[in-house]
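Structural overview
Listed below, chain by chain, are the residues.
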Amino acid sequence: MSPSGDDRPRYDLESIFDIAELPHNTRRLYAAQWRQFAAWCAARGAVALPARPRLLVLYLAALARDGLAAATLKAALHAIAKAHQITGLPSSTEDPIVLHAKRRILRELPSDHRHVTPLTPALMRQILAPMGSELIDARDRALLLVGYAARLRRAELVALDVEDALLVGDAIELRVNDRRVAIASGRDVLLCPARALRAWVDAAALRTGALFLSINRWGRLGGRLPDRSVSEIVQGRARQAGLELKGLSGDSLHVGSADDRRLL
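Residues numbered from 1 in each chain as written. Predicted model: local features only at pLDDT ≥ 70, side-chain atom pairs only at ≥ 80, totals over all residues. Heavy atoms only, no water.

1. With respect to the overall build of the protein chain
Counting its regular elements, the protein chain contains 9 helices and 5 strands. Listed N to C, the secondary structure of the protein chain is α-α-α-α-α-α-α-β-β-β-α-β-β-α in terms of helices and strands. In the protein chain, 65% of the contacts between residues at least 6 apart in sequence involve partners at least 24 apart. When the accessible surface of the protein chain is totalled, it reaches about 13,700 Å², and 51% of it is carbon and sulfur. (Helix = DSSP H or I, 4+ residues; strand = E, 2+ residues; numbered from the N terminus. Contact = heavy atoms within 4.5 Å. Areas by Shrake-Rupley, 256 points an atom, 1.4 Å probe, with all protein chains shown as cover.)

The following block contains the structure:
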């Protein structure tokens, strides 16, 4: 028993998924979702494990307010449920209160991509044009070009590790959720995903671990970029380029015509 009299089992919230028998990328996606939930709870002095039903309702509402897609909300619940399963604790994700709130919140979210403005090659050029040579510029350029060329969802993009990206000349082969995604070389060297990715990896001196890292105001590298930051980057870079587009978000990298992307 702990000195405070609390005899609940203690778990290392950061490493719960290290012991999970799951495919590599699935484990990493769940771990990323779980870390965000655990951090959200810690910031509010709440207990993440086991999570009470009303806490999960508040978390889902917070994700919805942040503009995250229905798929992300569902992935968050799956990760939370899996964390409880791994540790042998009862999960509240199927509690009637949580299920009712989930249905209500999902009804209020766009059910498809009709409300998302897709990025086109022309818009990508406009967004990328003002970027400079700072470390954060290298990261954002690589993130946007790789996410756009591979049509990755936000969670897939930020879950990538350095080891998941094989650079062969001006082409890339990505390992995404245990599938292979090939990205051909760009026709314009300034818009080539492989060149942008190589520049970012070299500038940040990345050797292993998360491919896309957070960067603070002083240009120092942090941990893995959370998926909500992808929307912030897309929207922020668009504003810097003088673009005010309704419906532009991190999902804009994923939607749209696959054929158009070859024009880069």
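2. Quick word on the packing of aromatic side chains
On inspection of all chains with the given rule, the structure shows 3 aromatic pairs. With centroids separated by 5.5 Å and ring planes inclined at 55°, the aromatic side chains of Trp34 and Phe37 adopt a geometry described as tilted. Separated by 3 residues within a single helix, Trp34 and Phe37 lie in helix H1 (residues 24-43), roughly one turn from each other. On the basis of relative accessible area, Trp34 is assigned to the buried category, the value being 1%. Connected via pairs of aromatic rings, a cluster forms that spans Trp34, Phe37, Trp40 and Tyr59. Sitting over the face of the ring of Trp218, Arg217 holds its NZ or CZ atom 5.5 Å from the ring centroid. (Phe/Tyr/Trp six-rings, centres within 6.5 Å; stacked < 30°, edge-to-face > 60°. Buried < 20%, exposed > 50% of the residue type's maximum accessible area, 1.4 Å probe, protein only. Lys NZ or Arg CZ within 6 Å of the ring centre and 35° of its normal.)

3. Quick notes on the pattern of salt bridges
Working definition: two side chains of opposite charge can pair if their charged atoms are close together. On inspection of all chains with the given rule, the structure shows 8 salt bridges. We note a salt bridge from Arg237 to Asp140, for which the minimum N-O separation is 2.9 Å. Here the residue Arg237 occupies a position in helix H9 (residues 228-240), and Asp140 occupies one in helix H6 (residues 135-150), the gap between them amounting to 97 residues. Here Asp140 falls in the buried class, since its relative accessible area comes to 4%. In this structure, Glu156 and Arg179 form a salt bridge, with 3.6 Å as the shortest nitrogen-oxygen distance. With a gap of 23 residues between them, Glu156 in helix H7 (residues 154-158) and Arg179 in strand E3 (residues 179-183) connect regions that are remote in the sequence. Residue classification places Glu156 among the buried residues on the basis of a relative accessible area of 11%. Within the structure, one salt-bridge network assembled from shared partners comprises Asp137, Arg139, Asp140 and Arg237. (Salt bridge = Lys/Arg side-chain N within 4 Å of Asp/Glu carboxyl O.)

4. Some words on the nonpolar core
Judged by nonpolar contacts, the single largest core of 47 residues is most densely connected at Leu144, Leu157, Leu174, Leu197, Trp200, Leu211 and Phe212. Where this core is concerned, the elements lending two or more residues are helix H5 (121-128), H6, H7, strand E2 (171-176), E3, helix H8 (193-203), strand E4 (213-215) and H9. Excluding anything up to four places from it in sequence, Leu197 contacts Ala142, Val146, Ala165, Leu167, Ile172, Leu211 and Phe212. Counting 31 residues, the second-largest nonpolar core is a separate cluster that includes Trp34, Trp40, Leu49 and Ile105. (Core = buried A, V, L, I, M, F, W, Y, C linked by side-chain atoms within 4.5 Å.)

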